[in-house]
Amino acid sequence: MTEEEFIASIDCQFPYDAPREWRRSIALARNISPNAVFMVIHELCRPPRSSRVSAATRLRIYRCVQQRFKHPLLTRLDSLFSTAISGGMVPVSRAGAAMRQVARYRDQYNALAICYFSCNDRLGRTEALYDAITAEWSNARRVWRD
């Protein structure tokens, strides 16, 4: 399964109420890419509106991800991820700082999206930063291919 196929398979349909299935999803994501694992975390931070899954259940799943996946961003952004999973928001300055940390790890779009959506930025500062980071990643891919 490709990263894109995996992301499509869990986008707005993560199996929150089926522990065996979500454990399989975590294991599969680990075998695909860090971005796939960050998609699992993204689904924990931003479940579909139709979902009735509790924050406590999502935090339990997140702890399982932490036990099975090691990445510098997971450690650095743990507090932000936990806040988002719990339904909280962070200050815009904190979200921006987190986005700058993610920028160092090319193509981690789902980690970047979690940070972007973790605040209520009415002035659009994080949107401009998001656009700058994704443009930089895109340019780096083009240079690498040439």
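Before reading on, note that the structure itself is shown above.
In this text, all values refer to a predicted model and were calculated from it rather than measured experimentally.

Undergrad: Just checking my understanding: could you explain the packing of helix 6 (residues 78–85) against helix 7 (residues 92–103) for this structure?
TA: The relative placement of two packed helices is expressed as an angle between their axes plus a distance between the axes. With their axes 11 Å apart at the nearest point, helix 6 and helix 7 run at an angle of 125° to one another. Viewed along their axes, helix 6 and helix 7 adopt a mutual orientation that is oblique. Between helix 6 and helix 7 lies a crossing whose hand is left-handed. Taking contact as the criterion, the partners of Ser79, Leu80 and Thr83 in helix 6 are, on helix 7, Arg94, Ala95 and Ala98. When the residues that make up the contact of helix 6 with helix 7 are grouped by side-chain class, the tally is three nonpolar, two polar and one charged.

Undergrad: Even after reading the chapter, I still don't get a positive patch on the surface, so can you show me in this structure?
TA: Together, Arg23, Arg30, Arg60 and Arg68 make up a positively charged patch on the protein surface. Listing elements by their share of the positive patch, those giving two or more residues are helix 2 (19–32) and helix 4 (55–68). Topologically, Arg23 is positioned in helix 2. Take Arg23: its relative accessible area is 38%, and that puts it in the partly exposed class.

Undergrad: Quick question: what am I supposed to make of helix 1 (residues 3–10) here?
TA: In an α-helix, one full turn covers 3.6 residues, which means residues spaced three or four apart are oriented alike. Within helix 1 the residues assigned to the buried category are Phe6, Ile7 and Ile10. Buried positions in helix 1, seen along its axis, are confined to an arc of 100° and lie on one side of it. For helix 1, the elements touching its buried residues are helix 2, helix 3 (34–45) and helix 8 (109–116). A positive phi of about 60° marks Cys12, the residue just after helix 1.

Undergrad: Quick question: what am I supposed to make of the packing of aromatic side chains here?
TA: Given two aromatic rings, one states the distance between the centres and the angle between the planes to describe the pair. For the coordinates displayed, the defined rule picks out seven aromatic pairs. Seen in terms of ring centroids, Tyr62 and Phe81 are 6.3 Å apart; in terms of plane orientation they differ by 90°. Their pairing is edge-to-face. Taken together, the residues span a long stretch of sequence, with Tyr62 in helix 4 and Phe81 in helix 6 at a distance of 19 residues. For Tyr62, a relative accessible area of 0% gives the class buried. Three or more aromatic residues joined by ring pairs form one cluster here, namely Phe38, Tyr62, Phe69 and Phe81. Here the basic side chain of Arg23 rests over the ring of Trp22, its NZ or CZ set 4.6 Å away from the ring centre.

Thresholds applied
- Within each chain, residue numbers correspond to sequence positions counted from 1 in written order.
- Where totals are concerned, whole chains, interfaces and linings use all residues; where local detail is concerned, this predicted model gives features only for residues with pLDDT of at least 70, and gives and counts side-chain atom pairs only at 80 or more.
- Each side-chain value is worked out from all heavy atoms of the structure, with water and hydrogens disregarded.
- Lines fitted to the C-alpha atoms define the axes, with helices restricted to the stretch that makes contact. Angles between their N-to-C directions range from 0 to 180 degrees.
- In DSSP terms, a helix is any run of H or I states spanning at least four residues, a strand is any run of E spanning at least two, and both are numbered starting from the N terminus.
- Orientation is classified from the angle alone, with under 35 degrees giving roughly parallel, over 145 giving roughly antiparallel, 65 to 115 giving roughly perpendicular, and any other angle giving oblique.
- With the far helix as reference, a near helix turned anticlockwise by less than a right angle produces a left-handed crossing, and one turned clockwise produces a right-handed crossing.
- The criterion used for residue contact is that any of the two residues' heavy atoms lie within 4.5 Å.
- Charged means Asp, Glu, Lys or Arg here, nonpolar means Ala, Val, Leu, Ile, Met, Phe, Trp, Tyr, Cys or Pro, and polar covers whatever is left, Gly included.
- Residues form patches when they are more than 30% accessible in relative terms and have no salt bridge. Like charges link within 9 Å. Nonpolar side chains (Val, Leu, Ile, Met, Phe, Trp, Tyr) link within 5 Å.
- Working definition of accessibility: Shrake-Rupley area with a 1.4 Å probe, residue cover restricted to the visible protein chains.
- A side-chain nitrogen of Lys or Arg and a carboxyl oxygen of Asp or Glu constitute a salt bridge if their distance falls within 4 Å.
- We score Asp and Glu as negative and Lys and Arg as positive, and we do not count His or the chain ends.
- For this purpose, a charge sits on NZ of Lys, CZ of Arg, CG of Asp or CD of Glu.
- When a residue's accessible area, from a 1.4 Å probe over protein chains only, is under 20% of the maximum for its type it is buried; when over 50% it is exposed; and in between it is partly exposed.
- Relevant arc is that of directions from the helix axis to the C-beta atoms, nothing else.
- Two aromatic rings, drawn from Phe, Tyr or Trp (for Trp, its six-membered ring), form a pair once their centres lie within 6.5 Å of each other, and the interplanar angle then sorts them: stacked below 30 degrees, edge-to-face above 60, tilted otherwise.
- Whether a charge sits over a ring depends on NZ of Lys or CZ of Arg being within 6 Å of the ring centre and within 35 degrees of the ring normal.

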